[in-house]
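Listed below, chain by chain, are the residues.
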Amino acid sequence: GKEIPGQASLVFDVVLLDLHNPKDGIAIENQHVPESCERRSQTGDFLRYHYNGTLLDGTLFDSSYSRNRTYDTYVGKGYVIAGMDEGLLGVCTGEKRRIIIPPHLGYGEEGRGKIPGSAVLVFDIHVVDFHNPSDSVSITVNYKPSNCTVLSKKGDYLKYHYNASLLDGTLLDSTHSLGKTYNIVLGSGQVVVGMDMGLQDMCVGERRTVVIPPHLGYGEDGVEGEVPGSAVLVFDIELLELVSGLPEGYMFVWNGEVSPNLFEEIDQNHDGEVLLEEFSEYIQAQVDSGKGKLAPGFDFEKIVKNMFTNQDRDGNGKVTAEEFKLKDQEAKEEHDEL
């Protein structure tokens, strides 16, 4: 044409950006594999990982580190490009690997955003953790006292120390740093479901490690500023004290025989009516003398007011002899009564 004369010798200065073959698969280069790898990722697992994404010439096009947030996805299910879906299988928690993806397993001829068409992609990934939606709580007993006959159960009042961390060892919280124990009533919903499960059948002095998947922990949302979304949690626990709870559905029980003149004993001024103050003083006296027991770990005033309200059937703030009944006289009712 006009720009190139006939019979001209041509000189091209070429920079090779990348090359691939349509038959290429992904290439994996292991950069760091933890010595301890109890489990490798498989189809259906949910991974949290960091990555840097570059072209073959080193040009950076994306990074999860710049957002200060992991990329979270199911693997082997088509939620990410085919090459990444394949490259995230068989990894360990804490593993670092490079995944090189040809364009037909990446963003193809059209590319996407900062990624040119037909580009070979390089992802340097660091696996933070992963779990499967079918996972339950994992419990490892690190120490159990020789005398371990009294085991924790639903309704017991527990005092324990814990260190909470992520699977990569990042410390989230510790009762030791606060200088006080964490106190709960087991099975009352005061902690995440996984912790309620992890504290079951434990004896005083026992130490265990409890690993909690996010669906039994803080879920996809996590706790802002404290626990990342979809994070697997690790709790190192030591049970220090156990106060036995009451049978299901009871907030107060008698330790001995119940007086046949119970209402008369509570009705201190013998006017045929019991007020909340009289009721509260009587229950407190039974607990102090060891004749009765309240559910441990709950507020005394709330328990007593609830018991009184259940007895005060007409809601007038007074309990009469006609209204007054023991719980075992109402087996079919779900009341926290005497």
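All of these numbers come straight from a predicted model, not from anything done at the bench.

Basis of the calculations
- Residues numbered from 1 in each chain as written.
- Predicted model: local features only at pLDDT ≥ 70, side-chain atom pairs only at ≥ 80, totals over all residues.
- Heavy atoms only, no water.
- Axes fitted to C-alpha atoms, helices over the stretch in contact; angles between N-to-C directions.
- Helix = DSSP H or I, 4+ residues; strand = E, 2+ residues; numbered from the N terminus.
- Parallel < 35°, antiparallel > 145°, perpendicular 65-115°, else oblique.
- Left-handed = near helix turned anticlockwise from the far one by under 90°.
- Contact = heavy atoms within 4.5 Å.
- Buried < 20%, exposed > 50% of the residue type's maximum accessible area, 1.4 Å probe, protein only.
- Domains from an automatic or database assignment.
- Buried area = accessible area lost by both parts, 1.4 Å probe.
- Salt bridge = Lys/Arg side-chain N within 4 Å of Asp/Glu carboxyl O.
- Polar contact = N/O pair within 3.5 Å; in protein donor to acceptor, adjacent residues only side chain to side chain.
- Disulfide = S-S within 2.5 Å.

### Remarks on the packing of helix α5 (residues 276–289) against helix α6 (residues 300–311)
Here is step 1 of the chain: Direction vectors running N to C along α5 and α6 enclose 120 degrees, while the axes themselves pass 10 Å from each other. By the angle class used here, α5 and α6 are oblique. With respect to the hand of their crossing, α5 and α6 are arranged in right-handed fashion. In this structure, α5 contributes L276, F279, S280, I283 and Q284 to the contact, and α6 contributes F300, V304, K305, M307 and F308.

### A look at unusual backbone geometry
Here is step 1 of the chain: Positive phi, normally seen in glycine, also occurs at D201, with a value near 55 degrees.
Here is step 2 of the chain: Turning to its location among the elements, D201 is positioned in the loop between α3 (193–198) and β11 (207–212).
Here is step 3 of the chain: Given the relative accessible area of 46%, D201 is considered partly exposed.
Here is step 4 of the chain: Even without being glycine, H270 reaches a positive phi, approximately 55 degrees.
Here is step 5 of the chain: For H270, a relative accessible area of 62% translates into the label exposed.

### Section: the domain arrangement of the protein chain
Here is step 1 of the chain: Segmenting the protein chain into domains produces domain 1 (27–131), domain 2 (138–243) and domain 3 (252–327).
Here is step 2 of the chain: Computed from C-alpha coordinates alone, the two centres of domain 1 and domain 2 are separated by 33 Å.
Here is step 3 of the chain: Between domain 1 and domain 2, the contact holds eight residues from the first and eleven residues from the second.
Here is step 4 of the chain: Counting the surface lost from both domain 1 and domain 2, the interface buries some 670 Å², and carbon and sulfur atoms represent 59% of this.
Here is step 5 of the chain: Three residues stand out in domain 1 for area buried against domain 2, namely R48, D129 and H131, and they jointly supply 60% of the buried area on that side.
Here is step 6 of the chain: Where domain 1 touches domain 2, the interface holds zero salt bridges.
Here is step 7 of the chain: The interface formed by domain 1 and domain 2 holds one residue pair in polar contact (both at pLDDT 80 or more) in total.

### Digging into the state of the cysteines
Here is step 1 of the chain: All chains considered together, the criterion is met by two disulfides.
Here is step 2 of the chain: Across a sulfur-sulfur distance of 1.9 Å, C37 and C92 are joined as a disulfide pair. Taking the sign of the S-S torsion, -95 degrees for the link of C37 and C92, the bridge is left-handed. Here C37 is found in the loop between β1 (27–32) and β2 (46–55), whereas its partner C92 is found in the loop between α1 (82–87) and β5 (96–101), with 55 residues between them in sequence.
Here is step 3 of the chain: Overall, the relative accessible area of 27% leaves C37 in the partly exposed class.
Here is step 4 of the chain: Judged by its relative accessible area of 0%, C92 is buried.
Here is step 5 of the chain: Between the sulfur atoms of C148 and its disulfide mate C203 the distance is 2.1 Å. Handedness here is read from the sign of the S-S torsion; for C148 and C203, about -110 degrees, the answer is left-handed.

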